[in-house]
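The primary structure of each chain is shown beneath.
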Amino acid sequence: MSTALSNSSIFETNPYEGHPNLSELEAEVLWQYAKLSQNIKELIAETRRVSEAPDEKLLKQLRALEVKMGLVLTLFKASVWAVINEQPMADASSAYADTTADDTIRH
């Protein structure tokens, strides 16, 4: 990035050092703010660059992942269906019988 090269001096030397109206601590704090500001400017420039044009490599990877996830979903559905079909069929009359009020003792 061109901004990183042109403004790299802010990261190397403190432009506020030796200022007659600033204490050493104030100059250090202002320098940290200047470095933070430069980092944010670089981040904004990079996010603009990324958002303006889609990343073709990332799109290809996401498309491949989408296909794989579709296959996984299909296989999962088939597995669930196979498990359901393997279960033995219970007697239809006893499967849905309401036994909550049944006090009959069975031996």
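The structure displayed is predicted, hence computed values, not measured ones.

**Regarding the overall build of the protein**
And step 1. Along the backbone of the protein there are 5 helices and 0 strands.
And step 2. Element order for the protein, N to C, with α for helix and β for strand: α-α-α-α-α.
And step 3. Expressed as a percentage of the 107 residues in the protein, the buried residues total 7%.

**Concerning helix 3 (residues 24–52)**
And step 1. Taking 1.5 Å of rise per residue, 29 residues should cover 42 Å, and helix 3 covers 42 Å from first to last C-alpha, within 8% of that figure.
And step 2. Inspection of helix 3 places Ala27, Trp31, Ala34, Lys35, Gln38 and Glu42 among the buried residues, and these make up the whole buried set.

**Topic: a nonpolar patch on the surface**
And step 1. On the surface, Leu25, Val29, Leu30, Tyr33, Leu36, Ile40 and Ile44 cluster together to form a nonpolar patch covering roughly 650 Å² of accessible area.
And step 2. With respect to the helices and strands, Leu36 occurs in helix 3.
And step 3. With relative accessibility at 45%, the residue Leu36 sits in the partly exposed group.

**A short note on the packing of aromatic side chains**
And step 1. A full pass over the atoms with the stated rule returns 0 aromatic pairs.
And step 2. The ring of Trp31 carries Lys35 above its face, with NZ or CZ at 4.1 Å from the centroid.

**Concerning the environment of Ala27**
And step 1. Position of Ala27 among the secondary structure elements: in helix 3.
And step 2. Among the residues examined, Ala27 registers a relative accessible area of 4% and is labelled buried.
And step 3. A C-alpha to C-alpha distance of 8.3 Å links Ala27 and Pro15, two positions 12 residues apart in sequence.
And step 4. With sequence-adjacent residues up to four places away left out, Ala27 is seen in contact with Asn14, Tyr16, Glu17 and Leu22.

**Digging into the confidence of the model for the protein**
And step 1. Per-residue confidence for the protein gives a mean pLDDT of 83; residues scoring 70 or more make up 80%.
And step 2. Ranking the elements of the protein by mean pLDDT puts helix 1 (residues 2–6) last, at 45, and helix 3 first, at 92.

Criteria and cut-off values
- Residues numbered from 1 in each chain as written.
- Predicted model: local features only at pLDDT ≥ 70, side-chain atom pairs only at ≥ 80, totals over all residues.
- Heavy atoms only, no water.
- Helix = DSSP H or I, 4+ residues; strand = E, 2+ residues; numbered from the N terminus.
- Buried < 20%, exposed > 50% of the residue type's maximum accessible area, 1.4 Å probe, protein only.
- Expected span 1.5 Å × (residues − 1).
- Patch = residues over 30% accessible without salt bridge, like charges linked within 9 Å, V, L, I, M, F, W, Y side chains within 5 Å.
- Areas by Shrake-Rupley, 256 points an atom, 1.4 Å probe, with all protein chains shown as cover.
- Salt bridge = Lys/Arg side-chain N within 4 Å of Asp/Glu carboxyl O.
- Phe/Tyr/Trp six-rings, centres within 6.5 Å; stacked < 30°, edge-to-face > 60°.
- Lys NZ or Arg CZ within 6 Å of the ring centre and 35° of its normal.
- Contact = heavy atoms within 4.5 Å.
- pLDDT = per-residue confidence, 0-100.

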